[in-house]
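Each chain is listed here by its residues.
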Amino acid sequence: MDPEHDEFPSAASHTLEIPRPPPARSWVLDVAGPEAVASVPLEYGRRLVLGSGRLCDVRVSDRAVSSRHCAVCVGELGVAVEDLGSTNGLYVGSSRLGSVVLTEEGSGFVIGRTSVTLRSSEDAEGSPAAPEIPGLIGRSPAMRRVAEEIRRHARSRATVLLQGESGTGKDVVARALHTLSGRSGDYVPINVGAFPDSLADSELFGHRRGAYTGAVSNRSGAFELAHRGTLFLDEVAELSAAAQVKLLRVVEEGVVRPIGASQPVRVDVRVVSASWAALPARVAEGRFRVDLFHRLATVTIELPPLRRRKTDIPLLARVLLERLRDDVGEKRLSGPALSRLLAHDWPGNVRELSAVLYRAAMRTPGVDIQEQHVELPETLSPAANAAREAPERAFELLDAQAGNVSAAARAAGVPRSTFRSWLARPLAKAQKRPNTLTPPSESLTQGSTATLGDSDLDEASPARGAVVK
């Protein structure tokens, strides 16, 4: 054949190079019941069967889970999950689904009364069993790291700064640090943002009789009360500039001078402070002294929000419902109710979860809390509501942030996955067809068995990072 009239062009001059796709992300499944958590690594292309039967790859000790409940497989689209004809179903958010593809860290599903959450294997370091910390509830990777930090620094005299959103348990961590410290003195908590600046000296340092009108007796301040113990200064970012100067002097010198006293009093106090506001940002704004910040933040422990440790929700829910038993009676979560809790982002963290569980339990006539009993508050910001009502608003926010999806999501006050779903709405309407997935093969691959502890639980819009069929 004449090359000039060859039907196919020369391969040497017209080769199309297809770039090799990036390697699949490594994933771990956190399988959590009310009593136990197991972490299961996933391998690309390998199909794992989850269920209560002995021949399953991942055995779940949950009476509401079928013998062969569902199959999980990592593919090109993400982590594909398929219901294998279970009795109680596969739930994502409020929906019972036949199959789903998980694509984002933190997304997950519920089988029976067990939650399964996806995370990157990069976060899988550390021992699978968290150290027992007094009052600390949670076995997620984030809480294991917090527990390790508490163990590491509890017996030192270094100051500790606890940073975290409201409701993340800063007081619990402060109490645990004191309990494990071995210090003989008392644990003295004080909210420094709760009293006016005029009372700061008296509250922190105390006064002597006759120091001012109304001072009819000696009064020990917080530092004296916490001698040889731990002083917990909550909301330390709210201290006035004048109070910050006085606090710095006490932390540096270890002595206090009560109002009206002729001599200073030496104190041995371990200071633990906490703030929901980021203190480095306050320092940069000139609203908090940099020298005091460095004195208080010898050790900094970041407390994760509940949305970053959703595998702890089943255990937290069980403990919180037990605490409410005298008021609401014996209650437990059904699978759909648990799935609804897992789909929420919990801006109020554990405090909000406790309130939601109380309302749900009071509305439940029987023992099992059902999905319809769970009322979740509206948490979207005005900007988020505007984007929800009109998806084109999402593109305006994206343009304002120079195409940075993460920055636009923060401006809207919503998770990045939610913002990305807004961006996808116009495209979905244009296509007018749902997303689908190819179910994993039916072949059963035997592997090592991960066994969870017994669970006393029974069996809703899709969660983030999920493509459903």
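Parameters and conventions
- Residues numbered from 1 in each chain as written.
- Predicted model: local features only at pLDDT ≥ 70, side-chain atom pairs only at ≥ 80, totals over all residues.
- Heavy atoms only, no water.
- Helix = DSSP H or I, 4+ residues; strand = E, 2+ residues; numbered from the N terminus.
- Areas by Shrake-Rupley, 256 points an atom, 1.4 Å probe, with all protein chains shown as cover.
- Pairing = 2+ DSSP bridges.
- Axes fitted to C-alpha atoms, helices over the stretch in contact; angles between N-to-C directions.
- Salt bridge = Lys/Arg side-chain N within 4 Å of Asp/Glu carboxyl O.
- Buried < 20%, exposed > 50% of the residue type's maximum accessible area, 1.4 Å probe, protein only.
- Disulfide = S-S within 2.5 Å.
- pLDDT = per-residue confidence, 0-100.
- Contact = heavy atoms within 4.5 Å.

*Asks:* What exactly am I supposed to notice about the overall build of the protein chain here?
*Replies:* The helix and strand inventory of the protein chain stands at 15 helices and 24 strands. Within the structure as shown, the protein chain displays about 23,400 Å² of accessible surface, and the carbon and sulfur contribution to it stands at 50%.

*Asks:* Please explain the sheet that holds strand β1 (residues 27–32) as it appears in this structure.
*Replies:* In a beta sheet, neighbouring strands pair by backbone hydrogen bonds and run either parallel or antiparallel. If you walk across this open sheet you meet the six strands as β2-β1-β11-β10-β7-β8, and the pairing is antiparallel. Each having just a single partner strand, β2 (37–41) and β8 (95–97) make up the two edges of the open sheet. Averaged over all pairs of adjacent strands, the angle between strand axes in this sheet comes to 30 degrees, irrespective of strand direction. The pairing of strand β7 (residues 90–92) with β8 spans three bridges and is classified as antiparallel. Paired with Leu90 across the two strands is Leu97, which belongs to β8.

*Asks:* Would you mind showing me how to read the pattern of salt bridges here?
*Replies:* Oppositely charged side chains can pair when the atoms bearing their charge come close. Scanning the entire structure with this criterion turns up 19 salt bridges. Across the pair Glu165 and Arg307 runs a salt bridge, and its minimum N-O distance is 2.5 Å. Taken together, the residues span a long stretch of sequence, with Glu165 in the loop between β12 (160–163) and α2 (170–179) and Arg307 in the loop between β20 (299–302) and α8 (313–323) at a distance of 142 residues. You can call Glu165 partly exposed: its relative accessible area is 27%. Residue class for Arg307 comes out partly exposed when judged on its relative accessible area of 28%. Among the salt bridges present, the one from Glu252 reaches Arg295, with a minimum N-O distance of 3.4 Å.

*Asks:* When you look at the state of the cysteines in this model, what are you seeing that I'm missing?
*Replies:* As used in these notes, a disulfide is a covalent bond between sulfur atoms, one from each of two cysteines. Going through the model one piece at a time under the given rule, you end up with zero disulfides. With no disulfide of its own, Cys56 lies closest to Cys70 among cysteine sulfurs, the gap being 8.9 Å. The class for Cys56 is buried, based on a relative accessible area of 3%.

*Asks:* Please clarify how helix α10 (residues 335–343) should be interpreted in this entry.
*Replies:* What sets the pattern is the α-helix's 3.6 residues per turn: residues three or four places apart point alike. Counted residue by residue, α10 has seven buried out of nine residues, so it is predominantly covered. Listed as buried for α10 are Gly335, Pro336, Ala337, Leu338, Ser339, Leu341 and Leu342.

*Asks:* How should the environment of Glu43 be read in this particular structure?
*Replies:* The topology assignment puts Glu43 in the loop between β2 and β3 (47–51). Spatially, the C-alpha atoms of Glu43 and Cys73 are 7.9 Å apart, while their sequence positions differ by 30 residues.

*Asks:* Would you mind showing me how to read the confidence of the model for the protein chain here?
*Replies:* Low-confidence regions, as indicated by low pLDDT, have predicted coordinates that should not be scrutinised in detail. Within the protein chain, residue pLDDT values average 79, and 75% of them lie at 70 or more. No element of the protein chain has a lower mean pLDDT than helix α12 (residues 382–389), at 44, and none a higher one than β12, at 97. Across residues 3–13, confidence stays below pLDDT 50; counting only partners more than four residues off in sequence or on other chains, it has three contacts. Across residues 18–23, confidence stays below pLDDT 50; counting only partners more than four residues off in sequence or on other chains, it has zero contacts.

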